[in-house]
Amino acid sequence: MPERVKAIDEARAGRAGTGSEPIPFLDLVASHQGLEDDLVAAFRRALHAAQFVGGPEVDAFEREFAATCGTAACVGVNSGTDALRFACTALGVRPGAEVITVAHTFIATTEAITQAGGAIRFVDIDERTMTIDPALVEAAVGPRTVGIVPVHLYGHAADLDPLLALARRRGLWVLEDAAQAHGATYRGRPVGALGSLGCFSFYPGKNLGSLGEGGAVVGADPGLLAIVRQQREHGQSSKYVHETEGFNGRLHAIQAAFLRIKLPHLPVWNTARRRVAAWYRDALARVGDLALPTEPLYGEHVYHLFVVRTARRDALRDQLAAQGIATGVHYPTPLHLQRAYARLGLTAGSLPVTERVASSCLSLPMFPELSQSSVGRVADAIREFFDG
Ligand SMILES: *Cc1c(COP(=O)(O)O)cnc(C)c1O
């Protein structure tokens, strides 16, 4: 880690030590401070090269990100949502096809299925991992089912082995939504590389974020990846030859250049997130009814979010806010109860675990530069809430 990053970290720790500074949920200023010179140099390089969409920076980033994921190839696209939508199309989602996924996720997961022409079939989550419950998937497979989209929510891999086995048995595919899990592993392998295709987002707040929008699809099957490439570029197989209609979904060269600077830091940042998580665990063991996130036995959690659960979530959130501590709720209303999905006709009670988690989950401040003293202040405030 460069000296200046360390100095900034120490300065922040000192400031936080006064006990009065607000504690943000996420601090993107801090995460770019040590990289400013490199990012400005990359911008200058892109300005002079004047190739703004696609080109060598995108090609190089695709190679480097594929290597990080341990996949044969990567296709850079304009967002995580595009990544999922193009992947769904490549995998054959079209009208009449049904895809199994969870309602405890960001809506991009299901928008992709619908926008590719498919129908959504929700299953409930496992209460410990807060990701898809593999035991419920088999019963949800019907004659129109074509695939399963597990979401590696909060930086925690879904339990993939049972899903992959079921998919093999029933002739389905598995598409990994890894938008929150860059660098997380499942049985020693990076997520995104285990299903037929894996999708990532480079939205600024993700574990690897661009300075705008960005996303990627990774995988090994050249035929599937060729369709993803066509989808991001108006269905083109070569210039002005359109096999299908597609989208304008390309990754910008300037974002690829920024991502190439940030990518080598990803393991360091994930380690820092795991350290922050360990501080929270030490400080928050046996406090009220507070449930701490489960560390999976099958892989490494990269703590995109540190999500605790309590029956008194809203009151705790208000009291922390009053003390200048920002928190989040991911996500307060499950997708099956959103107006957007009223057409599915699912009512409260249809996904009980999802609904219980949505009403009790609270995301505490989490970012690699969060200091130990700030974590201490958050933990003190939480203990005070339950003791007082
Ligand atoms: C962020 C996110 C997406 C969408 O990514 P964008 O780059 O914002 O389009 C998809 N799925 C999940 C689980 C996400 O968290």
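The preceding data block contains the structure.
Bear in mind that the values here come from a model prediction, so they are computed numbers and not experimental data.

Novice: Mind laying out the nonpolar core, listing which residues take part and the relevant values?
Specialist: Judged by nonpolar contacts, the single largest core of 81 residues is most densely connected at Phe65, Tyr280, Leu364 and Ile382. Per-element accounting of this core gives the leading share, seven residues, to helix α14 (residues 372-387). Of all hydrophobic cores here, the second largest spans 30 residues; its members include Ala90, Phe122, Leu335 and Leu351.

Novice: Can you tell me about the site of the ligand, naming the residues and giving the values?
Specialist: Residues in contact with the ligand amount to 15 residues; listed here are only the nearest, Gly80, Thr81, Gln180, Ser201 and Lys206. Within the side chain of Ser201, a nitrogen or oxygen atom sits 2.6 Å from an oxygen atom of the ligand. Here the ligand has 380 Å² of accessible area as a free molecule, and 93% of this is covered by the chains. The set of elements that each furnish at least two residues to the shell around the ligand consists of α5 (80-90) and α6 (108-115). The leading source of residues in the shell around the ligand is α5, at three residues.

Novice: Would you mind going over the sheet that holds strand β5 (residues 173-177) in detail, with residue names and values included?
Specialist: Taken together, the seven strands give an open sheet; going across it, the order is β1-β9-β8-β5-β4-β2-β3, and neighbouring strands pair in mixed fashion. Edge positions in the sheet fall to β1 (73-77) and β3 (119-123), since each has one partner strand and no second. Between one strand axis and the next, the sheet turns through 25 degrees on average, direction left out of account. Pairing geometry for β1 and strand β9 (residues 215-219), over five bridges, is antiparallel. Residue pairing across strands places Cys74 opposite Val218, the latter belonging to β9.

Novice: Give me the lowdown on the packing of aromatic side chains, citing residues and values where you can.
Specialist: Counted by the stated rule, this structure contains eleven aromatic pairs. Seen in terms of ring centroids, Phe65 and Phe202 are 5.3 Å apart; in terms of plane orientation they differ by 90 degrees. Their pairing is edge-to-face. With Phe65 in helix α4 (residues 56-69) and Phe202 in the loop between β8 (197-201) and β9, this residue pair connects regions lying 137 residues apart in the sequence. Owing to a relative accessible area of 1%, Phe65 belongs among the buried residues under this scheme. Measuring from ring centre to ring centre gives 5.0 Å for Phe385 and Phe386, while their planes differ by 85 degrees; the resulting arrangement is edge-to-face. Grouping residues by exposure puts Phe385 and Phe386 together as buried. Three or more aromatic residues joined by ring pairs form one cluster here, namely Phe61, Phe65, Phe200 and Phe202. Just above the ring of Phe247 sits the side chain of Arg85; from NZ or CZ to the centre is 4.0 Å.

So, how was this worked out
One numbering rule holds for all chains: residues counted from 1, following each sequence as written. Owing to the predicted nature of the model, reporting of local features is limited to residues with pLDDT of at least 70; listing and counting of side-chain atom pairs is limited to 80 or more, with chain, interface and lining totals taken over all residues. Heavy atoms from the whole structure form the basis of all side-chain values; hydrogens and water molecules are not counted. Think of a nonpolar core as a cluster: buried Ala, Val, Leu, Ile, Met, Phe, Trp, Tyr and Cys residues, connected wherever their side-chain atoms sit within 4.5 Å. To sort residues, take the accessible area from a 1.4 Å probe on protein chains only and compare it with the maximum for the residue type: under 20% means buried, over 50% means exposed, and anything in between is partly exposed. Helix numbers and strand numbers start at the N terminus; a helix is a DSSP run of H or I with at least 4 residues, a strand a run of E with at least 2. Think of it this way: one heavy atom of a residue within 4 Å of a molecule or strand is enough to make that residue near it. Identification of polar contacts relies on pairs of N or O atoms within 3.5 Å, with a donor-acceptor requirement for protein atoms, meaning one able to donate a hydrogen and the other able to accept it, and with residues adjacent in sequence counted only if both atoms are side-chain atoms. The accessible surface values rely on the Shrake-Rupley method and a 1.4 Å probe; as for residues, cover is taken only from the protein chains in view. A strand pair is defined by DSSP finding two or more bridges across the two strands. An axis is simply a line fitted to the C-alpha atoms; with a helix, the fit covers only the stretch in contact. Between two such axes, the angle follows the N-to-C directions and lies from 0 to 180 degrees. Stacked, edge-to-face and tilted labels apply to pairs of Phe, Tyr and Trp rings (six-membered ring for Trp) whose centres lie within 6.5 Å, assigned for plane angles under 30 degrees, over 60, and everything in between, in that order. Whether a charge lies above a ring is judged from NZ of Lys or CZ of Arg, which has to be within 6 Å of the ring centre and within 35 degrees of the ring normal.

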